[in-house]
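Each chain, letter by letter, is given below.
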Protein chains: 4
Amino acid sequence: MEHRSDSEERPRPRSDSGHRRIPCTFEAAKDAKLDVVFLATQPEISMNLTPGFLEAGAKVIDLSGAYRLRTPENYKRWYKADHEQSALLAEAAYGLPEFYREQIKSARLVSNPGCYPTAANLAIRPLIQAGLVDRAAGIVCDAKSGVSGAGRKPSLKTSFCEVTENFSVYSILDHRHVPEVLQNSNLEEAEFSFTAHLLPIERGILETIYFRAAKDSSAAEIINTYEKFYQGSPFVRLYDPGVVPDLHAVQHTNFCDIGVKYDAPTRRAVVVSLIDNLVKGAAGQAVQNMNLVLGFAEHEGLL
Amino acid sequence: MEHRSDSEERPRPRSDSGHRRIPCTFEAAKDAKLDVVFLATQPEISMNLTPGFLEAGAKVIDLSGAYRLRTPENYKRWYKADHEQSALLAEAAYGLPEFYREQIKSARLVSNPGCYPTAANLAIRPLIQAGLVDRAAGIVCDAKSGVSGAGRKPSLKTSFCEVTENFSVYSILDHRHVPEVLQNSNLEEAEFSFTAHLLPIERGILETIYFRAAKDSSAAEIINTYEKFYQGSPFVRLYDPGVVPDLHAVQHTNFCDIGVKYDAPTRRAVVVSLIDNLVKGAAGQAVQNMNLVLGFAEHEGLL
Amino acid sequence: MEHRSDSEERPRPRSDSGHRRIPCTFEAAKDAKLDVVFLATQPEISMNLTPGFLEAGAKVIDLSGAYRLRTPENYKRWYKADHEQSALLAEAAYGLPEFYREQIKSARLVSNPGCYPTAANLAIRPLIQAGLVDRAAGIVCDAKSGVSGAGRKPSLKTSFCEVTENFSVYSILDHRHVPEVLQNSNLEEAEFSFTAHLLPIERGILETIYFRAAKDSSAAEIINTYEKFYQGSPFVRLYDPGVVPDLHAVQHTNFCDIGVKYDAPTRRAVVVSLIDNLVKGAAGQAVQNMNLVLGFAEHEGLL
Amino acid sequence: MEHRSDSEERPRPRSDSGHRRIPCTFEAAKDAKLDVVFLATQPEISMNLTPGFLEAGAKVIDLSGAYRLRTPENYKRWYKADHEQSALLAEAAYGLPEFYREQIKSARLVSNPGCYPTAANLAIRPLIQAGLVDRAAGIVCDAKSGVSGAGRKPSLKTSFCEVTENFSVYSILDHRHVPEVLQNSNLEEAEFSFTAHLLPIERGILETIYFRAAKDSSAAEIINTYEKFYQGSPFVRLYDPGVVPDLHAVQHTNFCDIGVKYDAPTRRAVVVSLIDNLVKGAAGQAVQNMNLVLGFAEHEGLL
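Residues numbered from 1 in each chain as written. Chains lettered and ligands numbered in written order. Predicted model: local features only at pLDDT ≥ 70, side-chain atom pairs only at ≥ 80, totals over all residues.

Chemist: Can you lay out the overall build of chain A for me, pointing to particular residues and giving the numbers?
Modeler: Within chain A, the regular secondary structure consists of 10 helices and 11 strands. Here the C-alpha radius of gyration of chain A, 20 Å, is about what a compact globule of 303 residues would show, namely 19 Å. Judged by the C-alpha coordinates and their principal axes, chain A covers about 65 × 55 × 40 Å. With 303 residues in all, chain A has 54% of them scored as buried. Across chain A, contacts joining residues at least 24 apart in sequence account for 68% of those joining residues at least 6 apart. (Helix = DSSP H or I, 4+ residues; strand = E, 2+ residues; numbered from the N terminus. Rg over C-alpha atoms; globule rule 2.2 N^0.38 Å. Buried ≥ 20, exposed ≤ 12 C-beta atoms within 10 Å, placed from the backbone. Contact = placed C-beta atoms within 7 Å.)

If you want it as structure tokens, here you go:
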């Protein structure tokens, strides 16, 4: 079998004229009076593109990790590089609308969350806030993601023959998404054990989260806590005690689905949180943030 | 597209005469002076087939769950049925050679372990025995298995279109394999949280096991503990600190591969244990047990 | 690993009230003054449900094979059963809008085409009609389909472990979809060789169609022939000579994509035709037919 | 999700000392008195490595396309480059033992066949030789291969997300493996239409071959023709009329399986030929050739 030539472009039908493209420059942004710019680049690129677009009058929604952590020190530890725009770092809103809706509405710069932290924070913070978790015993978050999370650049690790009929673990306890969870669910590093795995599927994240209840509780109490917290949040869906959907339920949607199992005698609880890493974990959430920033209904184009 | 007719048999080449089959009866076993009988049936079938084959003079290696738990009470709780052969239940050797080699050698009846408990016990018991685990904080075992673990009987849950590009969780905290781990790693139920997941692959189990060290430790100390424990056990392979293989490394082999990651400041440890559920988790381990029972070298036909 | 219980229903979020369901009876159809009824049942069921719904005043769009062939004789040969509604057989419109748009608009009963014939007829008939094909040399249609084409009923043939990392051929030269192509592209059986294959994917059909040109031709001439034929048909997309998309291009769409390769010295031509078997090959085409029957724009809800 | 570092090496267990490696130089080959050298490189590399190893006294089995075609002209047409070792080109044995067993036994240089031509030639040549094919009507060979056929080098075309749930056609009528079939089955280009497709699986080739019988024939006659031809060839397996295995039957084996379907009224025949592209289509066949070259039993290490 011979190699086929490698091209970034997919074949286009004859009648397809393609989309109009505005050149990606600050001047073009200014001339076109762009309302909003989405950045989906490496952190070190996004970091330094952002100021120019803001000065050009556009709101910026950045999908990289450049503006997700609150301090330059934290950025340096996890991204192994200095942060060169620390003023903007302090200004950026963390784009998880279920937590920071009002702040996002008035932000110039929204930092779209990582895919793993989106599923983790939505499951963990309401319980921490309600005092339901025995933090001393620690929370384990065992996360599994589809391959699209690794980006489109060809790599041996994401080659078909390496991934099919396979499953692997990576970034055990040291994934750079960890601090996003600590920061937004108010946890200490010692309290939160996170490990990532690569699923042989295109898209979807499922996180199995283990903890002990701080006092006698029930699946119903945990679910009620979520329902109260997510009132008015159209993209979090809850299930009856013991019921957990599979990834097919959330793929190609902007939903985060959460299921709960609780063992009363031992106070052990398992919460399962599912999203599509490309939608609620990336582009969908970016649109949700754009809706807030521009004053549209939060679910516009997403339901 | 129309349905193709459903048949249990695969097409056979013209030159293939097939294997000789001895009818599966006690008389045939006696007449053929069978040395050993493998039972791969439902627990309630295996339970009552076993005495007849033993009386016919054959050693029995049972791959069902019928003889894995030590007491009728425990069997009733997890299998929701009375055990009708409690004398044999007490007699059966648990067929994990790495733990019970000598006992298996002299057994008439060997109970081949479940697939999940094989990977879990091999990873957990040496650490419990060495006192390395903070048992009060609990052990989390997040287990993922390929579809062949569910058997060959057609079912919507294992249909291609339900499984492909999907991932799901099941038996959260209440899988019937749990007591096999408690029993053989000397754990209490409250100390061990186990959840199973269905991978969109044919074969392989990966378990990600989280715990806290009872005192300051290191990946090296944990690995050394395993190396000492598994001296003379050819089917457990260890890796350097932080190195963990993927399922391709163990598929179609009788190996159990174990990798270790340790975070010193917080004493958090993650151990990853991998097997092929059809080999070390089933048929391969059965052959390993047969080798012991019949006095062959333990690795015969398996390396 | 233990069996999970088998259920037809997927888990539903708590806030999901489900869809309103009208009981599927003739009386209910009458009472509800249903405009249209879709039948997705076995041919022998659809055949005899149809008259009742027609009498109740509903238009019927039948997705089974019951009304696809024009004569009871032909039905008997390929479906191995007598046709019990031969008057309706004669009346039914064949629901391929690109060929029979006007007839469908005024039909009471539309017979939605098979998935394989949809891709085949759209590729073949324009060329036959234009006299471009050397019919004496024969046309080969090598067809490959995703597993959803076999329906949702659990079967060993569509079990995950049988399909993954596999590929197989079936219904060689005798698939019951063959007469739909003969009938609608005006071919004799001897002129058309069709073989089906099962792809290890959920959805999508790709047919590779081989023929010789009746006279010196070119890829451009073939493409022009299609473009003229499909003027006003929004769901057929054509590609430049030698360009052929993959199944990702048509999945989850109602498009039929067609690519062409031609070898001038030998007059050999290859046409590749792609659809999603669940959309243009089934439900999408049914909606397209409904749009015509009810007087909506043909593409409503589909583009 | 962050990128994992990319490495060619897979993790190795601590006890694994690795294989002894002889440096790949002519001198080392000479010093080590190597009996045989396998070359699995690009054609332009193999072409010029071969003479040195032959001079060093080793037999060479080349898995590239460098020595498969018989004339420099043919090589230039299909490989778009001059052949720089035309004397060796004339000398090389084509390593399809089922056709050229005696020639291979005495060869210094064996050119291991391409994967597609192996399956095609084994199915076609016996029928051509027996005069069973109506050559004027042409032979269609519709070929499908797993992704490993494209090599291990990362490429967008073989990335997991591009391949999974997808299927595509490539090299329509112009694959560089075509001349290997013409040459070894004695066909003219106009008589043979070959198209390649990419299956979303790791390994395996299935070719569906369509032709018309030159005179009234039967599946039995076709199968008998094969059986006579392949007497003494242990790696070709035949099936009863109408029976065709799937790729699972040949994966990880050196077999070529052939099934036959025949339609008497129209003289149309379909032959399906299956191999594992990495075994009978590459490394297995190379070992089979080595066995012949070194005087071992042909099936040594392969059955």
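That covers the picture; the talk isn't over yet.
Chemist: Run through the domain arrangement of chain A, naming residues and quoting values.
Modeler: All names here are of chain A. Split by domain assignment, chain A resolves into domain 1 (26-113 + 282-294) and domain 2 (115-277). Of note, the centres of domain 1 and domain 2, computed from C-alpha atoms alone, are 24 Å apart. Each partner contributes residues to the interface: domain 1 has 16 residues there, and domain 2 has 16 residues. Top contributing element to the side of domain 1 that touches domain 2 by residue count: helix H10 (residues 279-294), with four residues. A class-by-class count of the residues in the side of domain 1 that touches domain 2 yields eight nonpolar, five polar and three charged. (Domains from an automatic or database assignment. Nonpolar A, V, L, I, M, F, W, Y, C, P; charged D, E, K, R; others polar.)

Chemist: Tell me about the interface of chain C and chain A, residues and numbers included.
Modeler: Opposite the 13 residues of chain C that make contact, chain A presents 13 residues. Of the residues belonging to the side of chain C that touches chain A, the class tally is seven nonpolar, one polar and five charged.

Chemist: Give a detailed account of the sheet that holds strand E8 (residues 205-212) of chain A, specifying residues and quantitative values.
Modeler: Strands belonging to one sheet form pairs held by backbone hydrogen bonds; the direction of such a pair is parallel or antiparallel. Residues and elements named next belong to chain A. Pairing is mixed in the open sheet, where seven strands are placed in the order E6-E7-E5-E8-E11-E10-E9. Edge positions in the sheet fall to strand E6 (168-170) and strand E9 (236-238), since each has one partner strand and no second. The sheet shows a mean angle of 25 degrees between the axes of neighbouring strands, taken without regard to direction. As paired strands, E8 and strand E11 (residues 268-275) are joined by eight bridges and run antiparallel to one another. (Pairing = 2+ DSSP bridges. Axes fitted to C-alpha atoms, helices over the stretch in contact; angles between N-to-C directions.)

Chemist: Explain the pairing of strand E5 (residues 139-145) of chain A to me, and be specific about the residues and the numbers.
Modeler: Residues and elements named next belong to chain A. For E5, the tally of buried residues reaches seven of seven residues, placing the bulk of the element in the interior. Burial along E5 is two-sided: Ile-139, Cys-141, Ala-143 and Ser-145 and Val-140, Asp-142 and Lys-144, pointing in opposite directions, are all buried. Pairing of E5 with strand E7 (residues 192-198), which is carried by seven bridges, proceeds in the parallel orientation. Paired with Ser-145 across the strands is Leu-198, a residue of E7.

Chemist: Hey, could you go over the relation of the copies chain A and chain B for me, with residue numbers and the actual values?
Modeler: There are two copies of the chain, and a rotation about an axis plus a shift along that axis relates them. Between chain A and chain B, the superposition needs a rotation of 180 degrees and an axial shift of 0.0 Å, giving an RMSD of 0.0 Å. The superposition of one copy onto the other is thereby described by a two-fold rotation axis. Nearest to the rotation axis, the C-alpha of Ala137(A) is located 2.6 Å from it, this being the minimum over chain A. (Least-squares fit on C-alpha atoms with pLDDT ≥ 70 in both.)

Chemist: Quick rundown of helix H9 (residues 219-229) of chain D? Include the residues and the values.
Modeler: All names here are of chain D. Inspection of H9 places Ala-219, Ile-222, Ile-223 and Tyr-226 among the buried residues, and these make up the whole buried set. Down the axis of H9, the smallest arc covering the buried residues is 95 degrees, so these residues share one side. Exposed side chains of H9 directed beyond 90 degrees from the buried face belong to Ala-220 and Lys-228. In the core, the buried residues of H9 are packed alongside helix H6 (115-129), strand E9 (236-238), strand E10 (256-263) and strand E11 (268-275). (Arc of directions from axis to C-beta.)

Chemist: So what's going on with the relation of the copies chain C and chain A? Which residues, and what values?
Modeler: Once chain C has been moved 0.0 Å along the axis and rotated by 180 degrees, it coincides with chain A to within an RMSD of 0.0 Å. Interface overlap between copies: 100% of the residues of chain C at the interface are likewise at the interface in chain A, consistent with a symmetric, same-surface contact.

Chemist: Tell me what's going on with unusual backbone geometry, and back it up with residues and numbers.
Modeler: The phi dihedral of Arg267(A) is positive, around 60 degrees, even though this residue is not glycine. Its location among the elements puts Arg267(A) in the loop between strand E10 (256-263) and E11. A positive phi angle, close to 65 degrees, is found at His252(B), a residue other than glycine. Counting through the fold element by element, His252(B) comes out in the loop between strand E9 (236-238) and strand E10 (256-263). Take His252(B): there are 13 C-beta atoms within 10 Å of it, and that puts it in the partly exposed class.

Chemist: Lay out the environment of Pro126(D) in plain terms, naming residues and giving numbers.
Modeler: Residues and elements named next belong to chain D. Turning to its location among the elements, Pro-126 is positioned in helix H6. Owing to 23 C-beta atoms within 10 Å, Pro-126 belongs among the buried residues under this scheme. Along the primary structure Pro-126 and Tyr-226 are separated by 100 residues, whereas in three dimensions their C-alpha atoms are 6.3 Å apart. Setting aside anything within four residues of it in sequence, one finds Pro-126 in contact with Thr-225, Tyr-226 and Phe-229.

Chemist: Describe the interface of chain A and chain B, and please don't skip the residues or the numbers.
Modeler: Facing the 34 residues of chain A at the interface are 34 residues of chain B. When residues of the side of chain A that touches chain B are traced back to their parent elements, those giving at least two are E5, E6, E7, E8, E10 and E11 of chain A. Split into classes, the residues belonging to the side of chain A that touches chain B amount to 16 nonpolar, nine polar and nine charged.

Chemist: Describe the sheet that holds strand E11 (residues 268-275) of chain B, and please don't skip the residues or the numbers.
Modeler: Residue and element names in this part refer to chain B. Pairing in this open sheet of seven strands is mixed, and the strands run E6-E7-E5-E8-E11-E10-E9 from one edge to the other. Of all strands in the sheet, those with a lone pairing partner are strand E6 (168-170) and E9, marking the two edges. Across the sheet, the axes of successive neighbouring strands diverge by a mean angle of 25 degrees, strand direction being ignored.

Chemist: I'd like to hear about helix H5 (residues 97-105) of chain A, residue by residue, with values.
Modeler: Side chains of residues three or four places apart in an α-helix project in the same direction, reflecting 3.6 residues per turn. Residue and element names in this part refer to chain A. When we look at burial in H5, the residues that qualify are Pro-97, Glu-98 and Ile-104. Projected down its long axis, H5 shows its buried positions confined to an angular sector of 55 degrees, all on one face. Residues of H5 that are buried make contact with strand E3 (93-94), strand E4 (109-111), helix H6 (115-129), E9 and H10.

Chemist: Provide a residue-level description of the pairing of strand E11 (residues 268-275) of chain C, including the pertinent values.
Modeler: Residues and elements named next belong to chain C. Burial within E11 is extensive, with eight of its eight residues counted as buried. Both faces of E11 are covered, namely the face carrying Arg-268, Val-270, Val-272 and Leu-274 and the face carrying Ala-269, Val-271, Ser-273 and Ile-275. The pairing of strand E10 (residues 256-263) with E11 spans seven bridges and is classified as antiparallel. Counted as the bridge partner of Ile-258 is Ser-273 from E11.

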